Number of protein chains: 2
Amino acid sequence: MDFFEKTISSEKIYNGKVINFRVDTVKLPNGDTAKRELVEHPGGVGIVAVDDGGCLLLVEQFRKPYDKMILEIPAGKMERGENPEICGRRELEEETGYAAQRFEFLGECYPSVGYTDEIIRIFLATDLKKTEQHPDEDEFLNVVRIPLEDMYRRVMNNEIADAKTVIGVLKAYIKLNQDKK
Amino acid sequence: MDFFEKTISSEKIYNGKVINFRVDTVKLPNGDTAKRELVEHPGGVGIVAVDDGGCLLLVEQFRKPYDKMILEIPAGKMERGENPEICGRRELEEETGYAAQRFEFLGECYPSVGYTDEIIRIFLATDLKKTEQHPDEDEFLNVVRIPLEDMYRRVMNNEIADAKTVIGVLKAYIKLNQDKK
């Protein structure tokens, strides 16, 4: 059964640099109305980059919502209408200084389906070549190299919480171990 | 290196039923200032419930941000100060009509570290007993039973996008297959 919610009205609350915020009034399947608080996001890309030695290229960044440094796969926001793979290749090179010969799709991630429309496309990048790192001016990050095997263990020990990183590491680890067989 | 961002000022934009929205002005490591658009969320719980036959209990709900029905593990928002396991047990029973004898922590999930402070705690629930389903009044959902093995395959085929569901299914599948050995 489809519980479609018809939008009755939509109120724009804030148009930001990264996200917009709006509140919709919807009609529920039982005829009642309800408010939906909604975040609009242009979408992003996350890249699981594995070098020839089996190491992951990760970045550590300060993340204001948690007020701490967080270890993540390289990632970035998409420009309107941009191709996700092109965005992923650019972000990987900007943040880590590596370009990938192979780019493989690992799926879409809906981070929190109740209130945000963000879609994060996750890619597996291999056959890496060193180029040059050039982060955005207001981007401060540490590049960290960790064996994929170790990151997989940290994920399974519940030491990594960032959703795109957990999903990317698990899918890449399973995939690369299947390909070996 | 820690790239701590000191909050200079904080502007509350909207206080909602599920989320609040605010914009902070922060001082960057290079001395510049920047805006941070931030969503405040009380946190949630997701439950990977596996019955004795190896089937997952899932729910299908209409999700306004994507304007479609989405297949998810049962989940819910935490009340302020609530214990995550108690919240998880309540949500599982409300949404599916099952209570679990065993509840095991599968880790925290930060859905989108750039703008929301939400933390989703994921649990594995087993030894299920039938009780009674009683969803909230404004909650409309279909309960769906799918073999864990099938859901694992769908996740690896990139057919499932909801972050908590992807993470819960992968971790539970890996864990339960390790325990078997």
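Residues numbered from 1 in each chain as written. Chains lettered and ligands numbered in written order. Predicted model: local features only at pLDDT ≥ 70, side-chain atom pairs only at ≥ 80, totals over all residues. Heavy atoms only, no water.

With the rule as written, the count across this model stands at 38 salt bridges over all chains. As a salt-bridge pair, D162 of chain B and K164 of chain B come within 2.8 Å of each other at their nearest N and O atoms. For K164 of chain B, a relative accessible area of 6% corresponds to the buried category. Residues joined by salt bridges that share partners form a network here, namely E79, E82, R90, E91 and E94 of chain A. (Salt bridge = Lys/Arg side-chain N within 4 Å of Asp/Glu carboxyl O. Buried < 20%, exposed > 50% of the residue type's maximum accessible area, 1.4 Å probe, protein only.)

This paragraph deals with the interface of chain B and chain A. Taken together, the contacts link 70 residues of chain B with 69 residues of chain A. In total, chain B and chain A occlude about 6100 Å² of area from one another, counting both sides; carbon and sulfur atoms represent 66% of this. Here chain B and chain A share 32 residue pairs in polar contact (both at pLDDT 80 or more) between them. Per-element accounting of the side of chain B that touches chain A gives the leading share, eight residues, to helix α3 (residues 163–180) of chain B. The residue inventory of the side of chain B that touches chain A, partitioned by class, reads 39 nonpolar, 10 polar and 21 charged. (Contact = heavy atoms within 4.5 Å. Buried area = accessible area lost by both parts, 1.4 Å probe. Polar contact = N/O pair within 3.5 Å; in protein donor to acceptor, adjacent residues only side chain to side chain. Helix = DSSP H or I, 4+ residues; strand = E, 2+ residues; numbered from the N terminus. Nonpolar A, V, L, I, M, F, W, Y, C, P; charged D, E, K, R; others polar.)

Attention now moves to the relation of the copies chain B and chain A. The two copies are related by a screw motion: chain B maps onto chain A through a turn of 180° and a shift of 0.0 Å along the axis, at an RMSD of 0.0 Å. Those values place the two copies in the arrangement expected of a two-fold rotation axis. Across chain B, the smallest distance between a C-alpha and the rotation axis is recorded for P111 of chain B, namely 2.3 Å. By residue overlap, the copies meet face to face through one surface: 99% of the interface positions of chain B are interface positions in chain A. (Least-squares fit on C-alpha atoms with pLDDT ≥ 70 in both.)

Residues and elements named next belong to chain A. Judged by pairing direction, the sheet is antiparallel, and its three strands sit side by side in the order β1-β2-β3 without closing on themselves. Sheet topology places β1 (6–15) and β3 (33–40) at the edges, where each strand pairs with a single neighbour. Neighbour-to-neighbour, the strand axes of the sheet open up by a mean angle of 20°, direction not taken into account. (Pairing = 2+ DSSP bridges. Axes fitted to C-alpha atoms, helices over the stretch in contact; angles between N-to-C directions.)

Once that is clear, we can look at the pairing of strand β5 (residues 55–63) of chain A. Residues and elements named next belong to chain A. Buried residues dominate β5, accounting for eight of its nine residues. Direction of pairing for strand β4 (residues 44–50) relative to β5: antiparallel, over a ladder of two bridges. Opposite A49, over in β5, you have L57 as the bridge partner. Linkage of β4 to β5, two consecutive antiparallel strands, is achieved through a turn of four residues, within which G54 is found at a positive phi near 80°. Both β5 and strand β10 (residues 141–147) contribute to a ladder of seven bridges, which runs antiparallel. Paired with E60 across the strands is N142, a residue of β10. As paired elements, β5 and strand β6 (residues 68–72) share five bridges and run antiparallel to each other. For Q61, the partnering residue across the bridge sits in β6 and is I70.

With that settled, consider the domain arrangement of chain A. Residues and elements named next belong to chain A. According to the domain assignment, chain A contains domain 1 (6–40) and domain 2 (44–180). Taking the mean C-alpha position of each, domain 1 and domain 2 sit 31 Å from one another. On the side of domain 2, five residues touch domain 1, which itself brings six residues to the contact. Buried surface at the junction of domain 1 and domain 2, summed over both partners, amounts to about 440 Å²; 45% is from carbon and sulfur atoms. (Domains from an automatic or database assignment.)

Here we take up the confidence of the model for chain A. When pLDDT is averaged along chain A, the result is 95; 100% of the residues meet or exceed 70. The complex prediction reports pTM at 0.97, with the ipTM value standing at 0.97. (pLDDT = per-residue confidence, 0-100.)

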